[in-house]
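Spelled out, the chains give:
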Amino acid sequence: MNHLKFQADKIFNGYEFLDAKHVLITDAEGSVIDILPALDAGEDIQYFKGILSPGFINAHCHLELSHLKDVIPPHTGLIPFLLDVVGKRDFPMDVILDRIEKAEQEMYDDGIVAVGDIGNTANTLATKIKSKIKWNNFVEVLSFSDENADLRMQEYGEVHNEFSAATTDGSLGKNHFMTALVPHAPYTISSKTFQRINELTKGKVISMHNQENPAEDELYKTGGGDYLHFLKKFGFEKSPFPITGKSALQSCLPHFNQDQRLLLVHNTFIPEEDISFALAHAKKYLSGIHFCICANANLYIEKTMPPMEMLMKHGVDIVLGTDSYSSNWQLSIASEIRTIREKIPTIPLQTILQWATINGAKALGREDLLGSFEKGKRPGIVLIDSALQSTRIM
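Here goes a summary of the coordinates provided. Nothing here was measured: the structure is a model prediction, and the numbers come from that model.

## Some points on the sheet that holds strand S9 (residues 177–183)
Reading across the sheet, the four strands line up as S6-S7-S8-S9 and stay open at both edges, with parallel pairing between neighbours. Each edge of the open sheet is held by one strand with a lone partner, namely strand S6 (56–61) and S9. With direction set aside, neighbouring strand axes in the sheet form an average angle of 15°. Two strands pair when backbone bridges link them, and strand S7 (residues 112–119) and strand S8 (residues 134–141) are joined in this way by six bridges, in the parallel orientation. Across the sheet, Val-115 pairs through a bridge with Trp-135, a residue of S8.

Dropping the structure here:
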């Protein structure tokens with residue numbers, strides 16, 4: 001068996017840094033064999049200047065929106081941004097498919113090995129079938145009223161089935177795709193639709209956009225607020241959702257109680273009491289809960305960072321995402337790492353790299369193969385230089 005040997009200034013193994021006295025050993029396909037002291041590793045060692053890390057996990061992306069690169073201006077605020085996304089999706093299909101392919105290649109080159117990808121359509125399917133990246137396909141449901149819940153679930157169920165069929169014809173490797181129906185956000189999902197999604201996702205990995213704007217909570221607490229401008233676009237003069245007097249998260253999270261693993265995405269305006277509420281609910285009803293940070297997207301849309309230090313204080317599982325080209329300048333986890341280091345330099349690099357690797361792998365249910373340099377895994381290898389730029393090694 002041909003062994004490959006990698007040495008660097010530092011090796012980040014998914015959990016902690018190891019110094020240059022260590023050597024990572026893999027087989028020719030990249031499966032980890034061991035990490036040994038350099039004195040015991042023998043000859044033919046490749047040396048790299050920088051940090052060797054497991055491949056990155058992009059826990060939240062919208063690959064199908066890649067044609068919106070440079071189309072929606074930054075700093076509009078969330079409600080105008082959402083209206084722009086709805087109003088500017090009518091592009092020629094050849095352009096949409098071409099941009100999807102280019103964005104997938106960009107993520108691969110960045111060192112991303114798995115993606116939690118949101119989609120309302122199967123436009124990304126052809127690219128994903130050929131991709132070397134592993135995909136959690138989150139088929140995102142929008143259904144504002146109980147009256148339309150069955151119809152919407154049928155429509156999005158057809159998209160779900162297109163992705164699922166691709167994993168049963170024998171053309172893809174094991175776990176190349178994981179597919180689930182997921183709710184978009186509390187401001188687009190009716191109570192009955194939440195219930196239907198809960199019934200269909202027992203034990204699955206799912207995601208939901210969460211508290212990207214203070215108006216999300218206002219919608220559930222009072223039935224008013226800025227989201228009414230968004231809902232009017234879909235024919236609603238008043239909120240179709242129940243007025244609970246509680247935050248959006250506390251109103252909607254109880255719908256999920258079937259041992260799902262849930263990613264809450266963005267969390268830009270999550271209050272501390274909701275963090276505690278989410279953790280308590282997850283402990284009782286879910287197999288896990290993860291808080292996904294999309295730092296560049298939050299800056300692009302709202303010029304705001306999520307309360308990351310408060311999340312850390314509660315010991316939550318944090319993961320990283322890029323969001324889409326409608327709300328980011330690039331689809332790069334390395335760029336997300338750089339932004340967090342720039343905005344909150346007190347967070348150790350080791351911690352952020354955990355979010356980008358092993359935490360992300362666990363969140364997507366892929367820690368058996370990805371996220372760390374442990375024997376038998378094939379997590380990919382990324383070189384990170386002193387400027388926190390990344391290059392895929394394998």
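## Looking at the sheet that holds strand S13 (residues 317–320)
Strand order in the open sheet made by the four strands is S10-S11-S12-S13, with parallel pairing throughout. Of all strands in the sheet, those bounded by a partner on one side alone are strand S10 (205–210) and S13. The sheet shows a mean angle of 30° between the axes of neighbouring strands, taken without regard to direction. In this structure, strand S11 (residues 261–266) lies alongside strand S12 (residues 288–293), joined through five bridges in parallel fashion. Paired with Val-265 across the strands is Cys-292, a residue of S12. Most of the contacts of helix H13 (residues 349–363) go to S13, to which it runs at about 100°, and overall it touches S10, S11, S12 and S13.

## Focus: helix H6 (residues 214–222)
Residues Ala-215, Glu-216, Asp-217, Leu-219 and Tyr-220 constitute the buried set of H6. Tucked into the core, H6 has its buried residues touching S10, helix H7 (227–232) and helix H8 (248–252). The opening residue of H6, the one whose side-chain oxygen lies 2.8 Å from the backbone nitrogen of Ala-215, is Asn-213. Gly-223 occupies a position one or two residues after H6 and carries a positive phi of about 85°.

## Observations regarding the packing of helix H12 (residues 333–343) against H13
In a pair of packed helices, the angle between the axes and the distance between the axes together describe the arrangement. Two elements in contact, H12 and H13, have axes whose closest approach is 11 Å; the angle formed by their N-to-C orientations is 145°. The two elements H12 and H13 meet at a crossing, and its hand is right-handed. Here Ile-333, Ile-337, Ile-340 and Arg-341 of H12 come into contact with H13, specifically with Leu-349, Ile-352, Leu-353, Trp-355 and Ala-356.

## Considering the packing of aromatic side chains
Inspection of every chain in the model, using the stated rule, returns 13 aromatic pairs. Look at Phe-144 and Phe-234: their rings are 4.6 Å apart centre to centre, the planes differ by 35°, and that puts the pair in the tilted class. Within this pair, whereas Phe-144 is found in the loop between S8 and helix H4 (149–166), its partner Phe-234 is found in the loop between H7 and H8, the two being separated by 90 residues in sequence. An aromatic cluster is built from Phe-144, Tyr-187, Tyr-227, Phe-230, Phe-234 and Phe-236, whose rings are joined through pairwise contacts.

## Things to note about the nonpolar core
In terms of nonpolar packing, the biggest core is built from 109 residues, with Phe-56, Met-107, Tyr-227, Leu-320, Ile-337 and Ile-340 touching the most fellow members. Excluding anything up to four places from it in sequence, Met-107 contacts Asn-58, Cys-61, Leu-63, Ile-112, Val-115, Ile-133, Trp-135 and Leu-331. Among the nonpolar cores identified, the runner-up in size contains twelve residues, and Leu-18, Val-32, Ile-35 and Leu-52 belong to it.

## Some thoughts on the pairing of S9
Counting buried positions along S9 gives six out of seven residues, so the element sits mostly inside the fold. Relative to S9, S8 is paired through seven bridges, and the arrangement is parallel. If you follow Glu-140 over to S9, its bridge partner there is Val-182.

## Quick word on the pattern of salt bridges
Counted by the stated rule, this structure contains nine salt bridges. The shortest N-O distance in the salt bridge between Glu-101 and Lys-130 comes to 3.2 Å. Of this pair, Glu-101 sits in helix H2 (residues 93–110) while Lys-130 sits in helix H3 (residues 125–130), placing them 29 residues apart in sequence. Under the relative-accessibility criterion, Glu-101 is labelled partly exposed at 40%. Note that Asp-117 and Lys-128 form a salt bridge whose closest N and O atoms lie 2.7 Å from each other. Here the residue Asp-117 occupies a position in strand S7, and Lys-128 occupies one in helix H3, the gap between them amounting to eleven residues. Residue Lys-128 is classed as buried on the basis of its relative accessible area of 1%. Connected through salt bridges with shared partners, the residues Asp-150, Lys-192, Arg-196 and Glu-199 form a single ionic network.

Cut-offs and rules
- Residues numbered from 1 in each chain as written.
- Predicted model: local features only at pLDDT ≥ 70, side-chain atom pairs only at ≥ 80, totals over all residues.
- Heavy atoms only, no water.
- Pairing = 2+ DSSP bridges.
- Helix = DSSP H or I, 4+ residues; strand = E, 2+ residues; numbered from the N terminus.
- Axes fitted to C-alpha atoms, helices over the stretch in contact; angles between N-to-C directions.
- Contact = heavy atoms within 4.5 Å.
- Buried < 20%, exposed > 50% of the residue type's maximum accessible area, 1.4 Å probe, protein only.
- Polar contact = N/O pair within 3.5 Å; in protein donor to acceptor, adjacent residues only side chain to side chain.
- Left-handed = near helix turned anticlockwise from the far one by under 90°.
- Phe/Tyr/Trp six-rings, centres within 6.5 Å; stacked < 30°, edge-to-face > 60°.
- Core = buried A, V, L, I, M, F, W, Y, C linked by side-chain atoms within 4.5 Å.
- Salt bridge = Lys/Arg side-chain N within 4 Å of Asp/Glu carboxyl O.

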